[in-house]
Amino acid sequence: MAASDPNPAGAPEAPWQPARIRPTGRAALAAAPLAALIVVWAALPVPTGRSWTKIALIAAIVTAALSVIRLAISGTPSGFRSVALMSGPARAVEWVRRTVRALPWAEGLIVAVLGLEALHPARPWHTGLLGLGLLAYLFAVHLAETDARLAVLRPQLPLLAAGIGLLALAVGAAALPALDGGPATPVKVIAIAALVLVAAIALPFPGAGTTHRDG
Amino acid sequence: MRWALSAHARRLLTLALAGLALAVVTRRPEFAGVAAPALLLLVTWRAGRPRAVEVRVGTSAQQAVEGQPVPITVAISGQDGYDAGIELVPAAAITAERGVTIPARSADLAGAVRLRFRPERWGNRHIGTVQVTLRDACRLTEGRVDVELPRVRCAPGPAVLASSIVLSKLPSRLGEHAARATGEGVEFAGVREFVPGDRQRRINWPATTRRGTLHLSTFAAERTQNVVVIADLGADVGEDGFTTLDLVERGAAGTMSRYLTGRDRVGLICVGSGIAWIGPGQGRRHFGRLLDLLVTGPAGLERASAMTRLPRAALPPGALIIAFSPLLDRRLVEAIRDLRERGFSVLVVDVLNSGPDHDGSMLSGLTERIWKLEQQAIRFSLTEIGVPVVHWNGRTTLDEPLAPYTRRAIVVRH
């Protein structure tokens, strides 16, 4: 969705400016290097022996690439010709394009990158920075997808600051030698409570809005 | 309105769940920390939604013109603290301006916003859909509604024609072209001796002083002319956007517009799978009818088998006939010959800008040469019987190819 200023119906005519192919702006440009950065950051040091780490790294690279491709093609028109009228190669290209657009690659990237990080030995400060990178990537993708300005995130800034504070606390707690290698029962309890909270939020809520359509 | 979690919320949820799960499985609290910002943002998810959202979409344009922006207005009310993003998703051959977002804080203004679309090609077109998306402040919930826009008839972008071809002999109807006959116009025609009954205000005093008898100025009569445009819609070949059909449509629209602006009477004969025509007339409404016929074409009307003789009702005596055609249809060529033999002044604007494809073989090249020679022969034969054929590529104004015929009146020969 675009995010230019509203053009009131009574305002004078502005010069014609066709919509650009989305995504536009710095957010889209930022998403690609951020995706690369978090994959590289999570992969360091580069795995040599363990096969699971290699699999996670490959998954992270593939999902990062596809999420950026998905972002790049999300604004292109889907084509006006019917697939049935296309030639074989064109049909295959169209199928790939639709598949890339349909699947949630960014979610896959999150899981793959966190999995890759988890396969490394514990390094709290490294994981904390990865978390910040993932957040930045998610917001960049959101801004690029909706073609919105950075200002739309202003209402979320206090929560974001509080969340980053919690992240710093968690990293600090993990860095304490007393917790290192222990059973970490308090973390388990907090995590399970938060899991329940998130599941409750995710439950579908019945919509109350009605819309009148007018030609 | 369809309400759902936004893609952003789904990604945050994934981050939160993955972080928490890894924290539990690996017993590493830093993963719970990674999940914390996402969790906090998800906590702001609002249960309350606008009770009734009203979206009104209106367009005043029943007819658009190729290449010219057309406004539509979108009014939304009842969004109740949600940002409303409004975007026009254009259909084929339509481009749209960038969408707009009405911030939540201006919800009570209830003002309509204007979006514009531009048809890129003439025809009866589907505009597209207006997509309205409501988002909460944290962008976790999305409500979406699509409003289908009606079809619009898009007229061809008229070719520029600033000058006009005028015949030497015009019918005696009041118009704006200076005729050979003297009358009540404003263009000076000459001086003659005064006869009783003449208007005294037209006395030419310098001539009277020189000759010693009363002389008065005469003026050219102002007449209208009948113009019939023939649009050959039977072929559509050539470069995309500049096919023969595009050029015929644009050329015919530009010519009709030019002559109707000059208060001439304009008629149209469309030749394609059949024949359809509208007799000469004047005025804005008549122009609308002509454009409608030009866009819809002659399908379903009189069969084209009788095309070699064009309808007499559409061809008033002494009319100027301007045909836009690639001259690929022999029947139309015969019809033009017939018109000339019937005494009409005919001018053909040739819009063919491409030839048949050939694969580079000798036989193919020979075929192409023969085809070109045939085309030249057709044009030559028309020129020989007094039908000028000018070539127009669609990229220049129509004035350029028509220049030799717009500088002076064309003498009518029967």
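Residues numbered from 1 in each chain as written. Chains lettered and ligands numbered in written order. Predicted model: local features only at pLDDT ≥ 70, side-chain atom pairs only at ≥ 80, totals over all residues. Heavy atoms only, no water.

Caption draft 1: Here's a closer look at the overall build of chain B. Counting secondary structure elements, chain B contains eight helices and 21 strands. Within chain B, the proportion of its 414 residues that are buried is 54%. A separation of at least 24 residues holds for 72% of the contacts in chain B among residues at least 6 apart in sequence. (Helix = DSSP H or I, 4+ residues; strand = E, 2+ residues; numbered from the N terminus. Buried < 20%, exposed > 50% of the residue type's maximum accessible area, 1.4 Å probe, protein only. Contact = heavy atoms within 4.5 Å.)

Caption draft 2: Structural context of the overall build of chain A. Helix and strand counts for chain A stand at seven helices and one strand. For chain A, the sequential pattern of α-helices and β-strands runs α-α-α-α-α-α-α-β. Split into buried and exposed, the 215 residues of chain A put 40% on the buried side. Of the roughly 11,800 Å² of accessible surface on chain A, 74% is carried by carbon and sulfur atoms. (Areas by Shrake-Rupley, 256 points an atom, 1.4 Å probe, with all protein chains shown as cover.)

Caption draft 3: View of the packing of aromatic side chains. Residue and element names in this part refer to chain B. Under the defined criterion, the tally for this structure stands at three aromatic pairs over all chains. Aromatic side chains W3 and Y82 sit 5.3 Å apart centroid to centroid with 70° between the ring planes, which places their arrangement in the edge-to-face category. Linking W3 in strand β1 (residues 2-5) with Y82 in the loop between β4 (70-77) and β5 (83-90), this pair joins segments that are 79 residues apart in sequence. A single burial state applies to W3 and to Y82, both of which are buried. (Phe/Tyr/Trp six-rings, centres within 6.5 Å; stacked < 30°, edge-to-face > 60°.)

Caption draft 4: Highlighting helix α6 (residues 330-341) of chain B. All names here are of chain B. When the terminal C-alpha atoms of α6 are compared, their 17 Å separation across 12 residues agrees well with the 16 Å that a helix rising 1.5 Å per residue should span. Listed as buried for α6 are L332, V333, A335, I336, D338, L339 and R340. Those residues of α6 that are buried are in contact with β15 (226-232), β16 (265-271), β19 (320-325), β20 (345-350) and α7 (362-384). Among the residues of α6, the N-terminal cap falls to D329, whose side-chain oxygen and the backbone nitrogen of R331 are separated by 3.0 Å. Looking one or two places after α6, you find G343, whose phi comes out positive at around 100°. (Expected span 1.5 Å × (residues − 1). Polar contact = N/O pair within 3.5 Å; in protein donor to acceptor, adjacent residues only side chain to side chain.)

Caption draft 5: Highlighting the pattern of salt bridges. This structure, assessed with the given rule, holds 23 salt bridges over all chains. R56 of chain B is paired through a salt bridge with E54 of chain B; the nearest N and O atoms lie 2.8 Å apart. Given the relative accessible area of 44%, R56 of chain B is considered partly exposed. Residue E54 of chain B is classed as partly exposed on the basis of its relative accessible area of 25%. When the shortest N-O distance is used, the salt bridge between E374 of chain B and R330 of chain B registers 3.7 Å. Taken together, the residues span a long stretch of sequence, with E374 of chain B in helix α7 and R330 of chain B in helix α6 at a distance of 44 residues. When salt bridges that share partners are traced, they join R70 and E145 of chain A together with R11 of chain B into one network. (Salt bridge = Lys/Arg side-chain N within 4 Å of Asp/Glu carboxyl O.)

Caption draft 6: Molecular detail of the nonpolar core. L109, L114 and Y137 of chain A together with L12 and L15 of chain B are the most contacted members of the largest nonpolar core, which totals 56 residues. When contributions to this core are tallied by element, the ones reaching two or more residues are α1 (25-43), α2 (51-73), α4 (105-119), α5 (124-146) and α6 (157-175) of chain A together with α1 (7-26) and α2 (29-43) of chain B. Apart from residues no more than four positions distant in its own chain, L109 of chain A is found in contact with A35, I38, V39, A60, T63, A64, S67 and Y137 of chain A. Within the second largest apolar cluster, 41 residues are counted, among which are A159, A221, V248 and L290 of chain B. (Core = buried A, V, L, I, M, F, W, Y, C linked by side-chain atoms within 4.5 Å.)

Caption draft 7: Just the sheet that holds strand β3 (residues 63-65) of chain B, in detail. Residues and elements named next belong to chain B. Within the open sheet, the three strands sit side by side as β3-β12-β9. Their pairing is mixed. Two strands close off the open sheet at either side, each with one partner strand: β3 and β9 (123-126). Ignoring strand direction, the axes of neighbouring strands in this sheet form an average angle of 40°. Sheet strands in contact with helix α5 (residues 284-296) are β3, β9 and β12 (151-155), and its direction is about 100° off that of β12. (Pairing = 2+ DSSP bridges. Axes fitted to C-alpha atoms, helices over the stretch in contact; angles between N-to-C directions.)

Caption draft 8: A look at α2 of chain A. The terminal C-alpha atoms of α2 of chain A, which comprises 23 residues, lie 33 Å apart, in line with the 33 Å expected from a rise of 1.5 Å per residue. Taken together, the buried positions of α2 of chain A are occupied by T53, A56, L57, A60, T63, A64, L66, S67, L71 and I73 of chain A.

Caption draft 9: Highlighting a nonpolar patch on the surface. Together, W125, L129, L132 and I164 of chain A line one region of the surface with nonpolar side chains, adding up to about 380 Å² of accessible area. Positionally, L129 of chain A belongs in helix α5. (Patch = residues over 30% accessible without salt bridge, like charges linked within 9 Å, V, L, I, M, F, W, Y side chains within 5 Å.)

Caption draft 10: Layout of the sheet that holds strand β7 (residues 100-102) of chain B. Residue and element names in this part refer to chain B. Overall, antiparallel pairing links the five strands, which are arranged β1-β11-β10-β5-β7 in an open sheet. The open sheet has two edge strands, β1 and β7, and neither has a second partner. Taken pair by pair, the neighbouring strands of this sheet meet at an average axis angle of 25°, ignoring direction. One ladder, built from three bridges, connects β5 with β7; its direction is antiparallel. Opposite A84, over in β7, you have I102 as the bridge partner.

Caption draft 11: Main features of unusual backbone geometry. All names here are of chain B. Despite not being glycine, R263 has its phi angle at roughly 60°, a positive value. Note that R263 resides in the loop between α4 (244-261) and β16. Backbone geometry places L327, a non-glycine residue, at a positive phi of 55°. Note on placement: L327 falls in the loop between β19 and α6.

Caption draft 12: A look at the side chain of S67 of chain A. All names here are of chain A. Tracing the chain through its elements places S67 in helix α2. Within the local environment of S67, its side chain forms a polar contact with the backbone oxygen of A64, the two atoms lying 2.8 Å apart. Beyond its immediate chain neighbours, meaning those up to four positions away, S67 contacts W105, A106, L109 and Y137.

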